[in-house]
Amino acid sequence: MMRRIKSWISRRMILEKGRLTPTGWLVAGCCGFSAIPGLDLESSLAHQVFALTVGLGTIALLHSLWFRARLDVQRALPRFVTAGEPFHYWMEIRNLGHRILRGLEVIERPAPSPKDVDEWTGLLKPSRRARSFGVSKSRAVRARAYCRFHEVGDLPIGGAASVRMEMIPGKRGVLDLEAVAVARRDALGLLRSFRLFRNPQRVVVLPKRYWLPDLALPGKEAYQHGGITQAGSIGRAEEFVSLRDYRRGDPMRHIHWRSWARRGEPIVKEFEDDFFVRHGLVLDTFDTPEHQDVFEEAVSLAASFACQIRTQDSLLDLMFVGAEAYRFTTGRGLAHADQMLEILASAEPSGDSGFDSLATLVLRYASTLTGCILVFLKWDSPRMELTRRLIVMGLPVRVILCRPSGEPRQVDPGVTLLDPAHLIVVRAGSVQEDLGVMR
Amino acid sequence: MNLPPFCLGAALLFWGWTCNWMQAAVPLALLLESARFVPTRWEFTTQDFHRIWTFCVLIVLAAALFSVSTGRSMLDSGEVGSGGGSGVATAYAIRFFQWWPMIFAPFVLAFFFSRQRYLPLSVFSWLVRNSADLFPRPRTFPGRQVAPDAVYFGLVLGAAAMTSLKSPFFLPLLALLTGWALWASRSRSVPRWVFVLMLLGACFIGAAGVQGMRQLQAWVSRFDDLLMQRLSGGRFDPLESRTQLGAIALHKGSSRIALRLFTTNAMPPELVRSASYDTFSSPVWMLGTRGDKDREHIKWLPLSAEQDGMTWVLGKEGDSLERNFVRIAQFASGSRTLLSLPLGALVLSNLNAQKVSWTRYGAVRAEDSDQLLDFVVSYQAGSNVDREPTARDLHISQDERPHIEALAARLQLAQRRAVSFRDPLRVVRGHFLSSFKYSLRPEIPPGGNLRRTPLFHFLEISKEGHCEYFATASCLLLRAAGIHARYVTGYSVQEAAGANQYLVRHRHAHAWVIYWSPEERRWFDFDTTPPDWVRSENQQAAVWEPALDVFSRLWFEFSLWRAGRSELARGLTMALMVILAGFLVRLFIKARRQKRSVLPGDLGWQRRMLGLDSEYYRIESSFAKQGLGRRVEETAFSWAKRIQARLTADQQKSLHEIQELHYRLRFDPAGVSEVQRKELAERVQRWMSLPAR
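Residues numbered from 1 in each chain as written. Chains lettered and ligands numbered in written order. Predicted model: local features only at pLDDT ≥ 70, side-chain atom pairs only at ≥ 80, totals over all residues.

**Quick look at the overall build of chain B**
Phase 1 of the analysis: Within chain B, the regular secondary structure consists of 23 helices and 23 strands.
Phase 2 of the analysis: When the 693 residues of chain B are sorted by exposure, 34% land in the buried category.
Phase 3 of the analysis: Long-range contacts, defined as pairs at least 24 residues apart, comprise 75% of the intrachain contacts of chain B with a sequence gap of at least 6. (Helix = DSSP H or I, 4+ residues; strand = E, 2+ residues; numbered from the N terminus. Buried ≥ 20, exposed ≤ 12 C-beta atoms within 10 Å, placed from the backbone. Contact = placed C-beta atoms within 7 Å.)

**Considerations on the overall build of chain A**
Phase 1 of the analysis: Secondary structure summary: chain A contains twelve helices and 18 strands in total.
Phase 2 of the analysis: Counting every position in chain A, which comprises 439 residues, the buried fraction comes to 38%.
Phase 3 of the analysis: Looking at chain A alone, contacts between residues at least 24 apart form 72% of all its contacts between residues at least 6 apart.

**Some details on the interface of chain A and chain B**
When the parts of a complex come together, some accessible area is lost, and that lost area is often used as the size of the interface.
Phase 1 of the analysis: Each partner contributes residues to the interface: chain A has 48 residues there, and chain B has 52 residues.
Phase 2 of the analysis: Secondary-structure elements contributing two or more residues to the side of chain A that touches chain B are α2 (22-35), α3 (46-64) and β8 (173-185) of chain A.
Phase 3 of the analysis: Looking at which element gives the most residues to the side of chain A that touches chain B, the answer is α3 of chain A, with twelve residues.
Phase 4 of the analysis: Residues belonging to the side of chain A that touches chain B are distributed by class as follows: 23 nonpolar, 15 polar and ten charged. (Nonpolar A, V, L, I, M, F, W, Y, C, P; charged D, E, K, R; others polar.)

**Considerations on the sheet that holds strand β7 (residues 160-169) of chain A**
Residue and element names in this part refer to chain A.
Phase 1 of the analysis: Pairing within the open sheet is antiparallel, and its four strands lie in the order β1-β3-β7-β5. The sheet terminates laterally at β1 (71-76) and β5 (145-147), the two strands that pair on one side only. When the angles between neighbouring strand axes are averaged without regard to direction, this sheet yields 30 degrees.
Phase 2 of the analysis: Note that β5 and β7 share three bridges and pair antiparallel. Paired with cysteine 147 across the strands is methionine 167, a residue of β7. (Pairing = 2+ DSSP bridges. Axes fitted to C-alpha atoms, helices over the stretch in contact; angles between N-to-C directions.)

**Some remarks on the pairing of strand β5 (residues 271-277) of chain B**
Residue and element names in this part refer to chain B.
Phase 1 of the analysis: Most of β5 is tucked away, with seven of its seven residues classed as buried.
Phase 2 of the analysis: Where β5 and strand β19 (residues 485-492) come together, six bridges link them in antiparallel fashion. Each bridged residue has a counterpart across the sheet, and for valine 272 the counterpart in β19 is tyrosine 491.
Phase 3 of the analysis: For β5 and strand β12 (residues 341-342), the ladder comprises two bridges, and the chain directions are antiparallel. Among the inter-strand pairings, arginine 273 is bridged to a residue of β12, identified as leucine 341.

**Some remarks on the packing of helix α12 (residues 401-410) of chain B against helix α16 (residues 467-480) of chain B**
Residue and element names in this part refer to chain B.
Phase 1 of the analysis: For the pair α12 and α16, the least separation of the axes is 9 Å and the interaxial angle reads 65 degrees. In terms of axis orientation, α12 runs roughly perpendicular to α16. Both α12 and α16 take part in a crossing whose hand is right-handed. Counted together, Ile404, Glu405, Leu407 and Ala408 of α12 and Leu476, Leu477 and Ala480 of α16 form the full contact between these two elements.
Phase 2 of the analysis: The residue makeup of the contact of α12 with α16, split by class, is six nonpolar, no polar and one charged. (Parallel < 35°, antiparallel > 145°, perpendicular 65-115°, else oblique. Left-handed = near helix turned anticlockwise from the far one by under 90°.)

**Points about α16 of chain B**
All names here are of chain B.
Phase 1 of the analysis: Over its 14 residues, α16 extends 20 Å from the first C-alpha to the last, a length consistent with the 20 Å expected when each residue adds 1.5 Å.
Phase 2 of the analysis: Where burial is concerned, most of α16 is hidden: 14 out of the 14 residues are buried.
Phase 3 of the analysis: Two residues or fewer after α16 comes glycine 482, characterised by a positive phi angle close to 85 degrees. (Expected span 1.5 Å × (residues − 1).)

**Regarding unusual backbone geometry**
Residues and elements named next belong to chain B.
Phase 1 of the analysis: The phi angle at phenylalanine 6 is positive, at roughly 70 degrees, despite the residue not being glycine.
Phase 2 of the analysis: Assignment of secondary structure puts phenylalanine 6 in the segment before α1 (7-19).
Phase 3 of the analysis: A positive phi angle is found at lysine 463, which is not glycine, with a value near 55 degrees.
Phase 4 of the analysis: Considering the arrangement of structural elements, one finds lysine 463 in the loop between α15 (454-462) and β18 (464-465).

**Some details on the packing of helix α14 (residues 423-435) of chain B against α16 of chain B**
Residues and elements named next belong to chain B.
Phase 1 of the analysis: At a minimum axis separation of 11 Å, α14 and α16 run at an interaxial angle of 150 degrees. For the pair α14 and α16, the sense of crossing is right-handed. Facing Pro424, Val428 and Phe432 of α14, the residues of α16 in contact are Phe470, Ser474, Leu477 and Leu478.
Phase 2 of the analysis: Of the residues that constitute the contact of α14 with α16, the class distribution is six nonpolar, one polar and no charged.

**Quick notes on the sheet that holds strand β4 (residues 104-110) of chain A**
All names here are of chain A.
Phase 1 of the analysis: Read across the open sheet, the five strands follow the order β2-β9-β8-β4-β6; overall the sheet is mixed. Because the sheet does not close on itself, it has two edges, and the strands there are β2 (80-82) and β6 (150-151).
Phase 2 of the analysis: Packed on one face of the sheet, helix α9 (residues 337-345) meets β8 and β9 (192-206) and runs near 125 degrees to β9.

**Side note on the pairing of β19 of chain B**
All names here are of chain B.
Phase 1 of the analysis: Most of β19 is tucked away: eight of the eight residues are buried.
Phase 2 of the analysis: In this structure, β19 lies alongside strand β22 (residues 509-517), joined through seven bridges in antiparallel fashion. By the bridge assignment for β22, alanine 485 is matched with tyrosine 515.

**Focus: the nonpolar core**
Phase 1 of the analysis: In terms of nonpolar packing, the biggest core is built from 78 residues, with Leu477, Leu478, Tyr487, Val513 and Tyr515 of chain B touching the most fellow members.
Phase 2 of the analysis: Sorting elements by how many residues they give to this core places α16 of chain B first, with ten residues.
Phase 3 of the analysis: Ignoring any residue separated from it by four or fewer positions in sequence, one finds valine 513 of chain B in contact with Ala471, Ser474, Cys475, Leu478, Ala485, Arg486, Tyr487, Val488 and Phe526 of chain B.
Phase 4 of the analysis: With 74 residues, the next largest nonpolar core counts Leu177, Val182, Val203 and Met340 of chain A among its residues. (Core = buried A, V, L, I, M, F, W, Y, C linked by C-beta atoms within 7 Å.)

**Regarding α12 of chain B**
Residues and elements named next belong to chain B.
Phase 1 of the analysis: Those residues of α12 not exposed but buried are His403, Ile404 and Ala408. Across the axial projection of α12, the buried residues extend over an arc of 135 degrees, all falling on one side. The exposed set on the far side of α12, more than 90 degrees from its buried face, consists of Ala409 and Arg410.
Phase 2 of the analysis: Of the surrounding secondary structure, the elements contacted by the buried residues of α12 are α13 (413-419), α15 and α16. (Arc of directions from axis to C-beta.)

**Some thoughts on the environment of glycine 371 of chain A**
Residues and elements named next belong to chain A.
Phase 1 of the analysis: By secondary structure assignment, the location of glycine 371 is in strand β16 (residues 371-376).
Phase 2 of the analysis: By C-beta crowding, glycine 371 is classed as buried, having 23 other C-beta atoms within 10 Å.
Phase 3 of the analysis: Distance in space between the C-alpha atoms of glycine 371 and leucine 395 is 5.3 Å, their sequence separation being 24 residues.

**Structural notes on the confidence of the model for chain A**
Phase 1 of the analysis: Looking at chain A as a whole, the pLDDT averages 80, with 80% of positions reaching at least 70.
Phase 2 of the analysis: Low pLDDT, under 50, characterises residues 229-237 of chain A; the predicted model gives this stretch 19 contacts beyond four residues in sequence or across chains. (pLDDT = per-residue confidence, 0-100.)

**Brief notes about the confidence of the model for chain B**
Residue and element names in this part refer to chain B.
Phase 1 of the analysis: Summary statistics for chain B give a mean pLDDT of 80 and a share of 82% for residues scoring 70 or more.
Phase 2 of the analysis: Residue range residues 73-87 is modelled with pLDDT below 50. Its contacts to residues more than four positions away, or to other chains, number 38 contacts.
Phase 3 of the analysis: With pLDDT under 50 throughout, residues 597-602 is counted as low confidence; its partners more than four residues away or in other chains account for zero contacts.
Phase 4 of the analysis: Our summary of model confidence lists the complex with pTM equal to 0.57 and ipTM equal to 0.72.

**Section: the environment of valine 106 of chain A**
Residue and element names in this part refer to chain A.
Phase 1 of the analysis: Here valine 106 lies in strand β4.
Phase 2 of the analysis: When the C-alpha atoms of valine 106 and arginine 195 are compared, they prove to be 9.6 Å apart, with 89 residues separating the residues in sequence.
Phase 3 of the analysis: In contact with valine 106, not counting residues within four places along its chain, are Met91, Ile93, His150, Val152, Val163, Val180 and Val182.

**As for the environment of lysine 208 of chain A**
Residues and elements named next belong to chain A.
Phase 1 of the analysis: If you trace the backbone, lysine 208 turns up in the loop between β9 and β10 (222-224).
Phase 2 of the analysis: With 22 C-beta atoms counted inside 10 Å, the residue lysine 208 sits in the buried group.
Phase 3 of the analysis: Distance from lysine 208 to serine 300, taken between C-alpha atoms, is 5.2 Å for residues 92 residues apart in sequence.
Phase 4 of the analysis: Beyond its immediate stretch of four places on either side in the chain, lysine 208 contacts Thr82, Ala83, Gly84 and Ser300.

Quick look at the structure:
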């Protein structure tokens, strides 16, 4: 019996979010507040307010249970959007029924992902996290994107209306828009009735970016062993200086076929060594789950650097460890910042241990770098050691340390070779303000 | 949801009508609705609204504290309900809520005369303002908005319902106003007539609900009466007193304080009476006999209050007798409280009760009184207001008659009565004092011996018992001697608690006798219980009694303060006001300090980034004081050209260099180095010290 009731309630979306309109909330509030003094029928007339509000609620509930609509809903979504930035798109709603529909509202219902609840849990205080009732799935989903009710114009039989929708994605990643909920208010305007129309589509939400001050990252051009053959027309890799005899191990594509044909023995092209600027952008993904917001800020900072560093005549290597160790290069026509943002959109935290794998990755390619930006979530001995080793290798280093909000900005550099001015501490929630002092 | 025009004004008039406060409702409604015609608007920020809201909430808290502590509504001149008994608390609450539209009027006025149509929920809720940890939510999501006019409308209707006005128009008018407010936010999906039909349906359900609730309350009330009758045992009943004669032991009550007596001299009344009885049918003392016609006219007679409404006169004073005064404080027990008064009480003053009734047998009760009854009794020795003796005051039941008469004959009471009226009293008292002892666990007659009543066993065999034995035996013996006597229950006053202050505990409950003196035509107390009963009772005291007394004292003082009768009340109320004022001042100072600290902190980095902290502006501002400031449309160089007549050659040259540095600081994407920045500051400093033309 209980299951049937639950199923009935679920089918009619009685406990759906947005079920009560603002007016409905007011009437419900009046009902609740008049209930207690209403117990004493002699002293006040609060019981009459209570009775009237109960009457209004009953009528509204009865009317809201009866709502039918046959609609076709289509969206025209952008491919990329940015976390925290509102985006707009058009939604077309077509009436397939046999009645004119008026006064409808529409709202998006993003699909929950299991990850949402975990991330949401990470954002909660440890004391609240331990409680089973402290983690609400619906709240977790709501944190993913914000969408308000949009009014739909009159829908004649067979006619359509276009609605300009606005959404604000809450966080980076993939936003699954699973269904569209079409709502109708009851006659008194207290309750909404819903009809869900499934139309799964997805949008990639790029990380939020900050405006960065000019980052002076000194460093000489470094020799890129063997050149960057992929560098096509921009680089100096095409500039071969001479021909010489083939030596074991030379790549096949360096063979100068015409000379071989002419002389009858293999001759290879000798290239001028490649020297150009190549920056490393290292994103730390190792921290405890409760610092989810700090990690998000670190990703945003990495995304900001990826966009701001001019890569027409330099390269930028993004290095981080997710499911595996990643090194992704942009610049000099190799790839665009958009692609790096797309990668950052799906960067995930890797737990508290395993920083060594990132350190190994960075040190492996350190010799090819001319400067390095390290975006750290902590300032402990493994991170200090990595910084020290990079400095010892002669690399100019800038460390951006993301800390939880409310923590002090003063941090002991620890590494004697690191200029304190090159250790920039930013706090979650006030990153832009803290970056203001960056030199 | 914003309200249709004039809807809120109408609601305020409705509130004024139900609460009888039209003088407040009309101006407020006019003020609020005038906002539709007055084009002037104030620029209130969210912070301002939050501050006004906090102020209103503080007023609500202050009003609540004032109302609870003094029993009066803060904005009202009179006492709440002039004594409401069990309904006093409800009356406080009702009067308190009635004033909410006035208390929140400053906030709504500010809203109506601002440009905002909605306000963020954070203005109202501390929880929302500090909910980052509780409900993490991306900062870029818009916060929840509230329409304060709609909420205020609900509040006004709620306050309008806080009245006991019995009008058939209340519900229809309430429904009309609600419908008017809902009209604006009704659904467009249905025609208007459907809205009206559904509203009527809701009204019908509401009206039916009201009827249903009334019937339910009537049913609950009947059940409640039955329950209360079951639970109310143990108190003095003015019509009957079931004694513990023949019971194994007497439980006289706890150490809880029943009364506090304050006297002007060192002599309090020894006994305070709650009720007296004239007929004994073992083991019950009662007034008349059950089913007796006479018993019906022992009715509660209402007393009429004097002009001050708090003085109640029981009888006229005898001129020749000395008047005594005692202040008695006791807590009300339900809506009807039986008072304990010294015999001979004539005037009760400062007694705040809706109604005071009494019987001619000495029982006085206060109805619908304050929680704490604190009144002064004027009394004289002996009572001339009790009903004069009747034949029942000489009656001895058949069961007790043989042995009472036998004992009276042994003590020769009849003969002594013939000689002197007072002689039998002395003999009876002497008889009990000489050969009887006090016991809470008297020996009881063995079962099966029907001839031996408990009283006989007490008088002839065990010679030990508690006050009920002594009082009953004395009363019957006096009657056997031809003296009119009645059995009385009440308390013995025996425990001093400081100067002129006495405590009466429940375990001090006592029984004794009053007799009629034909010479003085008055009733007098006559207590034959041996004095050692006091010691016996005190042995019953619990170890933790002193600690309980401290709490009891504190509660008593708090109750006095609430009733506005404590000397501390005025001082504490003033202190409360000072604390609130201090809190308000602190709130504003804090807000201002925050404002000061926020600006540079928030914008400082931007100012630095944009070079707006350049020292060059000192030069401009020094000229601005002379009316030569740079105009908005002027560049720095053109301004320098304009004022060059006022500058020396050195100044002109130096200013040009400073301006170039300043421009680099402001507009060069590469910015300036630390050294150049320092140089700019030094140059400006030097320039300011150059001699002017």
